[in-house]
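Given next are the chains, with one letter for each unit.
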2 protein chains.
Amino acid sequence: MPKKRPSNKDFDNEEVFPQLSLDCVIFGFNDGTLKVLLLKWKGTEYWSLPGGLIRQSEDIDNAAIRILQERTGLGQIFLRQFHTFGKIERYDNQKIISKLSHVIDPESWYDRAISIGYYALVDYAEVFPNPDQFTDECQWWILEEVPELLFDHNEILKKALHSLRLELSYQPVGYNLLSEKFTMPEMMRMYEAILGSKIDPRNFQKKILNSGIVIKLNEVKKGLAHKSPNLYMFDKVKYQQILEGGGLFII
Amino acid sequence: MPKKRPSNKDFDNEEVFPQLSLDCVIFGFNDGTLKVLLLKWKGTEYWSLPGGLIRQSEDIDNAAIRILQERTGLGQIFLRQFHTFGKIERYDNQKIISKLSHVIDPESWYDRAISIGYYALVDYAEVFPNPDQFTDECQWWILEEVPELLFDHNEILKKALHSLRLELSYQPVGYNLLSEKFTMPEMMRMYEAILGSKIDPRNFQKKILNSGIVIKLNEVKKGLAHKSPNLYMFDKVKYQQILEGGGLFII
């Protein structure tokens, strides 16, 4: 007998694309640290990235926005499609079924699916993490402490981090993540948190100022013990121009 | 009556993914010029990018390699997945059907498909262009002269060119495109052809030498009228390290 096929409807009874899914790597930045949002599957100790199916009635970008909104409560966020994962053996199907058969119907499981990867970068102080119908916890994890994930999600996370770091080298990042007014050390700490490595402060300041994306204000930050560093803000017009021009802002 | 669905088999009778395709932007470089490979559909004056379906039995990367090999005869080539196109209205279905109904069965046409985009960069002197079962010509076009293409292929081409140019700024390119030994002006002309703009020669040479991807030889190029420029070759180990390390080679 041929294997029964899934109905191609999602939980809101919307028609979806067969053999296709979408996975979201949601990076959270706050106070000098970079984290990632993970879901714990019901009745297990297994974690995965948030994800979902793509409806026939929506653009794939809108599917990503919908899934991110469902998990974080946030609307306007920095979101990028970064890679589509389509190896034959992305993960061991039998292993997944044996771990999750109490939550998902093995009969509705395709032998193979292709997944479109998106990553987002959000201020995690503003997020209200929200599990989906398969999971009962949605939590931030420090990058270095992420456990072995279900499916091929460790690989997807690794690729997303690589893409974000690359993007940081040619596109401005930070609007919505830093306060409206910020100091150069604060901005540099954001870059260091994302890159996972130290930056040379003098070179950094020179490159950021040359790029024109920040405006130096006639104000200093007060209340610090020994110094009063200058405040800056983003030049939103220039920032947007570089984003839309698609780069070649080299840091 | 519900619309008849395609059989989900390709022309070799292999099972394929439904509602999913793959489009390839094949850039050709030779003698200081960048071109793109296009197909002309049978009995029409309409052109499109090469593309195809993804078999259930192959990785998506291998589907791209197969399609590229079928169209160019080349095996080992520089190939990158760059974007997946998934808007609801990628193009006007009715228009496409009216233009191509003599070649494709309108009944086997999905209302909507998602396409995974790959680009390749090849030495076009080595390519034997080869049309597929829907087309009767396969030809190189100068980028600036590309006509209005079928589907959303002008948009896909534009995005591919943008991705290639971006990649040029952080990854080494040129192995297999330049002769084994080449001069700095020859390498620079390759960069200029891809970028579509002039480069400052002194800055270029300094950055390429600093990157460590080329080795200066104790040889000069002879036979030129007024000067004998130095010859270089790629340091394959360093070149490969940067490729695999995933960049941050900033030109």
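Because the structure is predicted, anything quoted here is derived from the model rather than measured.

Asker: Before we go on, may I ask you to explain the packing of aromatic side chains in this structure?
Answerer: Geometrically, a pair of aromatic rings is defined through the distance of the ring centres and the angle of the planes. Residue and element names in this part refer to chain A. Inspection of the entire model under this criterion finds 32 aromatic pairs over all chains. Through a chain of ring-to-ring contacts, three or more aromatic side chains come together here, namely Phe11, Trp41, Tyr91, Trp109, Phe134 and Phe151. Positioned above the aromatic ring of Tyr46 is the side chain of Lys99, whose terminal nitrogen or guanidinium carbon lies 4.7 Å from the ring centre.

Asker: Explain the relation of the copies chain A and chain B to me, please; I cannot follow it from the model alone.
Answerer: Copy one and copy two of the chain differ by a rotation about a common axis and a shift along it. Of the transformation placing chain A onto chain B, the axial shift is 0.0 Å and the rotation is 180°, giving an RMSD of 0.0 Å. Taken together, these values place the two copies in the relation of a two-fold axis.

Asker: Help me understand unusual backbone geometry, please; the structure alone is not making it clear to me.
Answerer: In terms of backbone geometry, most residues other than glycine have negative phi values and most peptide bonds are trans. Phi at Phe151 of chain A takes a positive value of approximately 55°, unusual for a residue other than glycine. Phe151 of chain A gets classed as buried once you look at its relative accessible area, which sits at 17%.

Asker: Where do I start with the interface of chain A and chain B in this structure?
Answerer: It is common to give the size of an interface as the accessible area that goes away when the parts come together. Each side of the interface is counted separately: chain A has 28 residues, and chain B has 28 residues. Counting every contact that joins chain A to chain B gives zero salt bridges. Remark: the boundary between chain A and chain B carries 17 residue pairs in polar contact (both at pLDDT 80 or more). For the side of chain A that touches chain B, the elements supplying multiple residues, two or more each, are β5 (78-85), β6 (114-123) and α3 (153-170) of chain A. Split by residue class, the side of chain A that touches chain B holds 12 nonpolar, 11 polar and five charged.

Asker: What should I look at first to understand helix α4 (residues 184-195) of chain A in this one?
Answerer: Every α-helix winds through 3.6 residues per turn, so residues three or four apart in the chain are directed the same way. All names here are of chain A. With 12 residues, α4 should cover 16 Å at 1.5 Å per step; its first-to-last C-alpha distance of 16 Å lies within 8% of that length. With nine of its 12 residues buried, α4 lies for the most part within the structure. Of all the residues in α4, the buried ones are Met184, Glu186, Met187, Met188, Met190, Tyr191, Glu192, Ala193 and Ile194. Immediately downstream of α4, the backbone of Gly196 shows phi near 70°, a positive value.

Asker: Hey, could you run me through the side chain of Asn93 of chain B in this one?
Answerer: Residues and elements named next belong to chain B. By secondary structure assignment, the location of Asn93 is in helix α2 (residues 93-100). Within polar-contact distance, the side chain of Asn93 engages the backbone oxygen of Asp111 at 2.5 Å. Once you skip the residues sitting within four places of it in the chain, Asn93 turns out to touch Trp109, Tyr110, Asp111 and Arg112.

Asker: Explain the confidence of the model for chain A to me, please; I cannot follow it from the model alone.
Answerer: Residue and element names in this part refer to chain A. Averaged over every residue, the pLDDT of chain A is 88; the share at 70 or more is 94%. Here helix α6 (residues 236-245) stands out as the least confident element of chain A, with mean pLDDT 80; strand β3 (residues 47-48) is the most confident, with 97. Scored below 50 in pLDDT, residues 1-5 makes seven contacts in the model with residues more than four places away or belonging to other chains. Counted against residues more than four places away or in other chains, residues 247-251, with its pLDDT under 50, gives 26 contacts.

Asker: Just to check I follow, could you spell out the environment of Glu155 of chain A for this structure?
Answerer: By the element assignment, Glu155 of chain A lies in helix α3. On the accessibility criterion, Glu155 of chain A (43% relative accessible area) is partly exposed.

Asker: Whenever I open this one, the pattern of salt bridges confuses me. Can you help?
Answerer: Pairing between side chains of opposite charge can happen when their charged atoms approach one another. Inspection of the entire model under this criterion finds 26 salt bridges over all chains. Notably, a salt bridge pairs Arg90 of chain B with Asp23 of chain B, separated by 3.9 Å at the nearest N-O pair. One end of the pair, Arg90 of chain B, is in the loop between β5 (78-85) and α2; the other, Asp23 of chain B, is in strand β1 (residues 16-30), with 67 residues separating them in the sequence. Both residues of the pair, Arg90 of chain B and Asp23 of chain B, count as buried. Taken together, the shared-partner salt bridges in this structure form one network comprising Glu58, Arg66, Glu70 and Arg71 of chain A.

Asker: Explanation requested: a positive patch on the surface in the structure shown.
Answerer: A contiguous patch of positive charge, built from Lys206 and Lys207 of chain A together with Lys206 and Lys207 of chain B, is present on the exposed surface. When contributions to the positive patch are tallied by element, the ones reaching two or more residues are α5 (201-211) of chain A together with α5 (201-211) of chain B. Mapped onto the secondary structure, Lys206 of chain B falls in helix α5. For Lys206 of chain B, a relative accessible area of 54% gives the class exposed.

Basis of the calculations
Sequence order sets the numbering: in each chain, residues are counted from 1 along the sequence as written. As a convention, the first chain written is A and the first ligand written is 1, with the rest following in written order. The predicted nature of this model means local features are confined to residues of pLDDT at least 70 and side-chain atom pairs, given and counted, to a pLDDT of 80 or more, with totals for whole chains, interfaces and linings taken over all residues. Calculation of side-chain values draws on the structure's entire complement of heavy atoms; hydrogens and water are dropped beforehand. The aromatic pairing rule takes the rings of Phe, Tyr and Trp, using the six-membered ring of Trp, and pairs them if the centres are within 6.5 Å, calling planes under 30 degrees apart stacked, those over 60 edge-to-face and the rest tilted. Two conditions define a charge located above a ring, namely a distance within 6 Å from the ring centre to NZ of Lys or CZ of Arg, and an angle within 35 degrees of the ring normal. Here the copies were fitted onto each other by least squares, based on C-alpha atoms from residues at pLDDT of at least 70 in both. Each residue is assigned to one of three classes by its accessible area relative to the maximum for its type, calculated with a 1.4 Å probe on protein chains only: buried under 20%, partly exposed between the two thresholds, exposed over 50%. When checking whether two residues touch, look at their non-hydrogen atoms; a contact exists if any pair is within 4.5 Å. One side-chain nitrogen of Lys or Arg within 4 Å of one carboxyl oxygen of Asp or Glu is enough to make a salt bridge. Polar contacts, as used here, are pairs of N or O atoms within 3.5 Å; protein pairs need one atom able to donate a hydrogen and one able to accept it. Residues neighboring in sequence count only if both atoms are side-chain atoms. Helix numbers and strand numbers start at the N terminus; a helix is a DSSP run of H or I with at least 4 residues, a strand a run of E with at least 2. Amino acids are sorted into nonpolar (Ala, Val, Leu, Ile, Met, Phe, Trp, Tyr, Cys and Pro), charged (Asp, Glu, Lys and Arg) and polar (every other residue, Gly among them). A helix is expected to reach a length of 1.5 Å times the quantity of its residues less one. For every residue, the predictor states its confidence as a pLDDT score lying anywhere from 0 to 100. Patch membership requires more than 30% relative accessible area and the absence of a salt bridge. Residues of like charge join within 9 Å; the nonpolar side chains Val, Leu, Ile, Met, Phe, Trp and Tyr join within 5 Å. Accessibility throughout is a Shrake-Rupley quantity obtained with a 1.4 Å probe, and a residue counts as covered only by protein chains that appear here. Lys and Arg are tallied as positive, Asp and Glu as negative. Neither His nor the chain termini are counted. Charge positions come from single atoms, namely NZ of Lys, CZ of Arg, CG of Asp or CD of Glu.

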